[in-house]
There are 2 protein chains.
Amino acid sequence: LISQVEAGGEAARDVLRALHPHTGQAHVVGITGAPGAGKSTLILGLTRHLREMDRTVAVVAVDPSSAFTGGALLGDRVRMTALAGDPGVYVRSMATRGQVGGVSRATADVVRVFDGVGYDVVLVETVGAGQLETAVARLVHTTVVVETPGMGDDVQALKAGLLEIADILVVNKSDRPGARQTARMLAAEVEGTTREWRVPVLPVTAVEATGIDAVCTCLGQHRAYLERSGLWVERERGRAKAEFLDALSQALLSRFLTRAGCAQVAGWVERIASREVDVHTLVESLCERGV
Amino acid sequence: LISQVEAGGEAARDVLRALHPHTGQAHVVGITGAPGAGKSTLILGLTRHLREMDRTVAVVAVDPSSAFTGGALLGDRVRMTALAGDPGVYVRSMATRGQVGGVSRATADVVRVFDGVGYDVVLVETVGAGQLETAVARLVHTTVVVETPGMGDDVQALKAGLLEIADILVVNKSDRPGARQTARMLAAEVEGTTREWRVPVLPVTAVEATGIDAVCTCLGQHRAYLERSGLWVERERGRAKAEFLDALSQALLSRFLTRAGCAQVAGWVERIASREVDVHTLVESLCERGV
């Protein structure tokens, strides 16, 4: 199903159509942070903990530097294979080349498949470059931002707006010097926000699986908060709207281009490239003529 | 003009419409690399050098960790202000919050303004997270990837696909240990590619302005290569097409939604969110009915 969905086109639409009534149950959790922050190791720990609680887990790695996608050292990859034998875990890394729009749409569709076939939790690993890709962000219920002590990363994260999107803050590598100071600074930072959900700052040492249970507890609390406050339903509606408009504009465009024909489209492009007419003037005249 | 374009809407279209016949002359150069690689300092050096050659320079910073956008240490910012008095230089940092699509479209439009009003060179600073945002990548003629010695960054860059998009590779901080080794490794890496343009690997120490002249020379050579090979014109046509399709699909969507009315659209969204119908089935039926 995943390969079919990733390939796109009619086959992908068939899969998503069939799964649609069964979606909307999974807790979709984004794990984001700088390369080297230990996102993959945290995901490994979370997955093991969730499996002990008998929840099924799907991991979708969008980060090109992810241990899951092959960007990590050998030791990490060996640890990742520890999950391989368990039928309650599925790991998928996404191709991250090509157009951002295409990648994020494919990721959204793959997450939808995991949701539709019944995984309880879907963990989505993205590199935090200050912006979660739109279609991915749309899917995520809870965003975990992974920080590490020292090196001014904290300031960087502030600037990049990562703190703003965090529902849970993890200070990984908390056995290192400066961990408490980083945690204190982050706590002071989120203290100032006026959001109803109080963002917890959790010390974790992912390689030793220390602090993982607290992260899992907070994930459950955040889901309960979303449901209680009506935000879960609201988010569902926002997502439906964005995807509807996305699919609609694609369909309208492709209908228009089919009717116009390749030769006519090439002619329009040439007129723009040669500076005979600008994009907006041409589009307006086409819409007025009702082509 | 820039504020008008950033605000979007009808006023933005008017500006772009008026400037369109004057665009297509500027050399648009992307400067990309990890945070801390020294992109801003390199840009400062390039700008000074280009000014000495009497070329006008616009800088557009899309990277949220850029020294131009305020993500840097005080020392960097002080150095940046060295450019402030020169009317042949214009520095603009883009808001990087919000939807990726919106940010990249706004950036593309701002670059267009600088091109249209006659800047010779437009330097676009983006954080290299493995993917240049689509609309930004579309605008850039030459991509400079900034690397630094050691720390396995080289491997990271490989994984992130940065080498693939590089037209010029800069090894910044080349006064540091391991610089030669990094340069050798990168040179071996690009040696293997079959592209007609041979990607130069240039040692630079941006803080001391060492090696900047070689980068400027290579920028000129790359522009000449693009023009000679017909790639400059081809890229122009590809850009025109992408922008035309983008504007057209937006116009078609907005015409459709206006005709349908808010109440009907809300009803459609509700049917999707409640799992009564899936996105693609609904869109197909709407297109068939020719609403």
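This text follows the structure it describes.
Residues numbered from 1 in each chain as written. Chains lettered and ligands numbered in written order. Predicted model: local features only at pLDDT ≥ 70, side-chain atom pairs only at ≥ 80, totals over all residues. Heavy atoms only, no water.

Visitor: Honestly, the overall build of chain A in this entry has me stumped. Any pointers?
Guide: When helices and strands are tallied, chain A shows 13 helices and 7 strands. Per-residue burial over chain A gives 53% buried out of 291 residues. Residue pairs at least 24 apart in sequence account for 75% of intrachain contacts in chain A once pairs closer than 6 positions are excluded. Looking at chain A as shown, the accessible area adds up to about 12,800 Å², and 53% of this sits on carbon and sulfur atoms. (Helix = DSSP H or I, 4+ residues; strand = E, 2+ residues; numbered from the N terminus. Buried < 20%, exposed > 50% of the residue type's maximum accessible area, 1.4 Å probe, protein only. Contact = heavy atoms within 4.5 Å. Areas by Shrake-Rupley, 256 points an atom, 1.4 Å probe, with all protein chains shown as cover.)

Visitor: What's the story with the pattern of salt bridges in this structure? I'm lost.
Guide: Where charged atoms of side chains with opposite charge meet at close range, the side chains can pair. Counting across every chain of the model gives 30 salt bridges over all chains. Among the ionic pairs, D278 of chain B bridges to R17 of chain A, the shortest N-O distance being 3.8 Å. On the criterion of chain membership, the pair formed by D278 of chain B in the loop between α12 (262-273) and α13 (279-289) and R17 of chain A in helix α2 (residues 9-19) is interchain, its members lying in two chains. Note on R17 of chain A: relative accessible area 22%, which makes it partly exposed. Residue R275 of chain A is joined to E236 of chain B by a salt bridge in which the shortest nitrogen-to-oxygen separation is 2.9 Å. Placement of R275 of chain A in the loop between α12 (262-273) and α13 (279-289) and of E236 of chain B in helix α11 (residues 231-260) is noted, with the two residues assigned to different chains. Judged by its relative accessible area of 10%, E236 of chain B falls in the buried class. Sharing partners across several salt bridges, the network here consists of E10, R13, D14 and R17 of chain A together with D278 and E284 of chain B. (Salt bridge = Lys/Arg side-chain N within 4 Å of Asp/Glu carboxyl O.)

Visitor: Would you take a moment to explain the sheet that holds strand β2 (residues 57-61) of chain A for this structure?
Guide: Working definition: the strands of a sheet are paired by backbone hydrogen bonds and lie parallel or antiparallel to each other. Residues and elements named next belong to chain A. What the 7 strands build is an open sheet, ordered β3-β2-β4-β1-β5-β6-β7; its pairing is parallel. Pairing within the sheet leaves two strands with one partner each, and these edge strands are β3 (89-93) and β7 (201-203). The sheet shows a mean angle of 20 degrees between the axes of neighbouring strands, direction not considered. Bridging between β2 and strand β4 (residues 121-127) involves 5 bridges; their strand directions are parallel. The partner of A58 across the bridge, within β4, is V122. Docked against the sheet, helix α3 (residues 39-52) engages β1 (27-33), β2, β3, β4, β5 (142-147) and β6 (168-171), running at close to 175 degrees with respect to β4. Against the sheet, helix α9 (residues 179-191) engages β5, β6 and β7, with an angle of about 165 degrees to β6. (Pairing = 2+ DSSP bridges. Axes fitted to C-alpha atoms, helices over the stretch in contact; angles between N-to-C directions.)

Visitor: Where do I start with the environment of V28 of chain B in this structure?
Guide: Residue and element names in this part refer to chain B. Mapping V28 onto the fold places it in strand β1 (residues 27-33). For V28, a relative accessible area of 1% gives the class buried. In this structure, V28 is in contact with V111, V122, V124, L139, V140, H141 and T142, ignoring residues within four places of it in sequence.

Visitor: How should I be thinking about the packing of aromatic side chains in this particular structure?
Guide: Each aromatic ring pair is summarised here by two numbers: the centre-to-centre distance and the angle between the ring planes. All chains considered together, the criterion is met by 10 aromatic pairs over all chains. Their ring planes at 85 degrees and their centres at 5.4 Å tell us that F114 of chain A and Y119 of chain A sit as a pair that is edge-to-face. Pairing F256 of chain B with W268 of chain B gives two aromatic rings, centres 6.2 Å apart and planes at 35 degrees, and the pair type is tilted. Remark: W268 of chain B occurs in helix α12 and F256 of chain B occurs in helix α11; sequence separation between them is 12 residues. (Phe/Tyr/Trp six-rings, centres within 6.5 Å; stacked < 30°, edge-to-face > 60°.)

Visitor: Hey, could you run me through unusual backbone geometry in this one?
Guide: One can expect most non-glycine residues to show negative phi and most peptide bonds to be in trans. For A209 of chain A, which is not a glycine, the phi torsion comes out positive at approximately 60 degrees. For A209 of chain A, a relative accessible area of 48% gives the class partly exposed. Non-glycine residue R275 of chain B carries a positive phi angle of around 70 degrees.

Visitor: Teacher, can you tell me more about the packing of helix α10 (residues 212-229) of chain A against helix α11 (residues 231-260) of chain A here?
Guide: Two measures define how a pair of helices packs: the angle their axes make with one another and the distance between the axes. Residue and element names in this part refer to chain A. The N-to-C vectors of α10 and α11 enclose an angle of 80 degrees; their axes lie 5 Å apart at closest approach. On the basis of their axis angle, the class for α10 and α11 is roughly perpendicular. Side by side, α10 and α11 meet where R223, Y225, L226, E227 and S229 of the first sit next to L231, W232 and R235 of the second. Taken together, the residues that form the contact of α10 with α11 break down as 4 nonpolar, 1 polar and 3 charged. (Parallel < 35°, antiparallel > 145°, perpendicular 65-115°, else oblique. Nonpolar A, V, L, I, M, F, W, Y, C, P; charged D, E, K, R; others polar.)

Visitor: I would appreciate a short explanation of the environment of Q4 of chain B in the present structure.
Guide: Residue and element names in this part refer to chain B. With respect to the helices, strands and loops of the structure, Q4 is situated in helix α1 (residues 2-7). Classification of Q4 as partly exposed rests on a relative accessible area of 37%. For Q4, the residues in contact, after removing those within four places along its chain, are A11, A12 and V15.

Visitor: How should I be thinking about the pairing of strand β6 (residues 168-171) of chain B in this particular structure?
Guide: Every regular strand shows the same layout, with side chains that alternate between the two sheet faces. Residue and element names in this part refer to chain B. Side chains of β6 alternate between two faces, with I168 and V170 and L169 and V171 buried alike. Two strands pair when backbone bridges link them, and strand β5 (residues 142-147) and β6 are joined in this way by 4 bridges, in the parallel orientation. By the bridge assignment, V146 is partnered in β6 with V170. Sheet topology places β6 next to strand β7 (residues 201-203); 3 bridges connect them, and they run parallel. Within β7, the position partnered with V171 by the bridge is P203.

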